[in-house]
Amino acid sequence: MAVQYFSPQTLLLTLSILLPLVRPFTVITSDSDVPSSALIDGPQPAFSTNQNGARTDPREQEAVYEIMRATGNDWATDISDVCRGRWHGIECMPDKENVQHVVSLSFGALSDDTAFPTCDPNRSYVSESITKLPHLRTLFFFRCFSNNPGRIPTFLGQLGPTLQTLVLRDNGFVGPIPSELGNLTRLRILDLHKNNLNGSIPVSLGRLTGLMSLDLSWNKLTGSIPGLSFPPLNVLDLSQNLLMGPIPSSIGGCQSLIKMDFSRNQLTGSIPDSISGLKDLILMDISYNRLSILLPATLKSLNSLQVLNLKGNPMATTSLPNNAFDGMRGLMFLILSNMNMHGSIPESIGRLSNLRVIYLDGNRFNGSIPNSFRNLRNLSELRLNDNQLSGPIPLERETVWRMKRKLRLHNNSGLCYNPNSGFEDGLDPSFSSGIGSCITPTPTPGSTRTVQP
């Protein structure tokens, strides 16, 4: 049976999409210590007609009408009972008096399969009537205000007693993150991805100790990463900002982290030793920053890590110890391109049998490719180009044939392959130029001599 391989870009993108979705769009419906605990029977989607005669709280119904008008959905005002009407994007729960209360509002077309109300891009805004929904647990806006950008309303901080999920993705919001969001102490998910937010990350967010997902990526945030420590946090994405300074050692307190993405910022210093506390971490992406200090020995303790991407950090000229990656048994993607590394390639990389993708290109590695690379039978992509490597290439023929154009060895003038192995049949000349046989003809006809570059 043929095995299908994907590019690392595809797989990294898939991981970056799927890992944040561990919980971020989930409506958390049971939390016994919040005021809405008086609600019973779980959420009642508005599109399923209520058969028990419960009707929507009239004050909340009027608030929903105002919110819908503010997003250009005036049609909703024709629905006599919003919790008994038939539209996706609103969820309700009854209380013990059989009165329905709104617990979730969602807007924006995520895909063709979702039917949340869309927003009028030219006139939509966030209505303050949201504060009149005292049982609201989930508020979701996706691509609603891009043509009419404004600031994130500070009044959202008034939803603190109940709100557990706040998603404001790709809405064009400008200005700073309101410090009032720190009042949302029941929050589990905060997603402000892909806006135009600036200023620093508010220290007040440190009060959100129950957070499970924090996504502030693709904004224009500046300043340093505050000392945030959220024990339940699964996803932390601060990528594509303008953040500076060191990675705080408090990150080790986020012991439930699965994904940590700080890529494409201006972070300096080193990866803190406290990273060893992240035993469940699957993806660590700190690529394209300004880290300059050697990788910590504690990195080896991350035996659940599958993706390590440190590409584009101008590490101070340094070499890696041979055992640098021992213990990282789960690693599948190792991306260390363009990091100014020199010396030998660590032998321990070849002992990571689960590796699928290795990028070590654009460094100053010298010496030979470790013989342990022969054991990397799951390898689907290998980039060693633009180094100073020499000697025989210790890869099995089947591995070379499988990688084809994804094997890049060019600009290593000393590399060669053993003859009569069939190895050269799998090489792509455009990515392996200058690599020849390790045995070259002698000037005397009929004789050969072995050359070990």
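Residues numbered from 1 in each chain as written. Predicted model: local features only at pLDDT ≥ 70, side-chain atom pairs only at ≥ 80, totals over all residues. Heavy atoms only, no water.

Naming follows an unreviewed UniProt entry, where the chain appears as non-specific serine/threonine protein kinase of Tripterygium wilfordii.

## Regarding the state of the cysteines
A full pass over the atoms with the stated rule returns 3 disulfides. The disulfide partner of Cys83 is Cys92, and the gap between their sulfur atoms is 2.0 Å. Here the disulfide of Cys83 and Cys92 is left-handed, its torsion about the S-S bond being about -80°. Just as Cys83 is buried, Cys92 falls in that class too. (Disulfide = S-S within 2.5 Å. Buried < 20%, exposed > 50% of the residue type's maximum accessible area, 1.4 Å probe, protein only.)

## Examining the nonpolar core
Membership of the largest hydrophobic core comes to 107 residues, with the highest contact counts inside it found for Leu156, Met284 and Phe325. No other element matches helix α2 (residues 58-70), which puts 5 residues into this core. If we skip the residues at most four places from it in the chain, Leu156 touches Val126, Ile130, Leu139, Leu166, Leu168, Leu181 and Leu184. (Core = buried A, V, L, I, M, F, W, Y, C linked by side-chain atoms within 4.5 Å. Helix = DSSP H or I, 4+ residues; strand = E, 2+ residues; numbered from the N terminus. Contact = heavy atoms within 4.5 Å.)

## As for the packing of aromatic side chains
Counting across every chain of the model gives 5 aromatic pairs. A ring pair is formed by Phe141 and Phe145, whose centres lie 5.2 Å apart and whose planes are at 55°; its orientation type is tilted. Taken individually, Phe141 and Phe145 each receive the classification buried, so the pair is uniform in this respect. Over the face of the ring belonging to Tyr288 we find Arg264, whose NZ or CZ atom lies 4.1 Å from the ring centre. (Phe/Tyr/Trp six-rings, centres within 6.5 Å; stacked < 30°, edge-to-face > 60°. Lys NZ or Arg CZ within 6 Å of the ring centre and 35° of its normal.)

## Comments concerning unusual backbone geometry
Although it is not a glycine, Lys194 sits at a positive phi angle of roughly 60°. Mapped onto the secondary structure, Lys194 falls in the loop between β8 (189-191) and β9 (196-199). Residue Gln240 is not a glycine yet carries a positive backbone phi of 60°. Of the residues examined, Gln240 reaches a relative accessible area of 26% and is grouped as partly exposed.

## Re the sheet that holds strand β26 (residues 414-417)
One open sheet holds the 5 strands; their spatial order is β20-β22-β24-β26-β27, and the pairing between them is parallel. Sheet topology places β20 (342-343) and β27 (436-437) at the edges, where each strand pairs with a single neighbour. Looking at chain direction, strand β22 (residues 364-367) and strand β24 (residues 388-392) are connected through 2 bridges and run parallel. By the bridge assignment for β24, Asn366 is matched with Gln388. (Pairing = 2+ DSSP bridges.)

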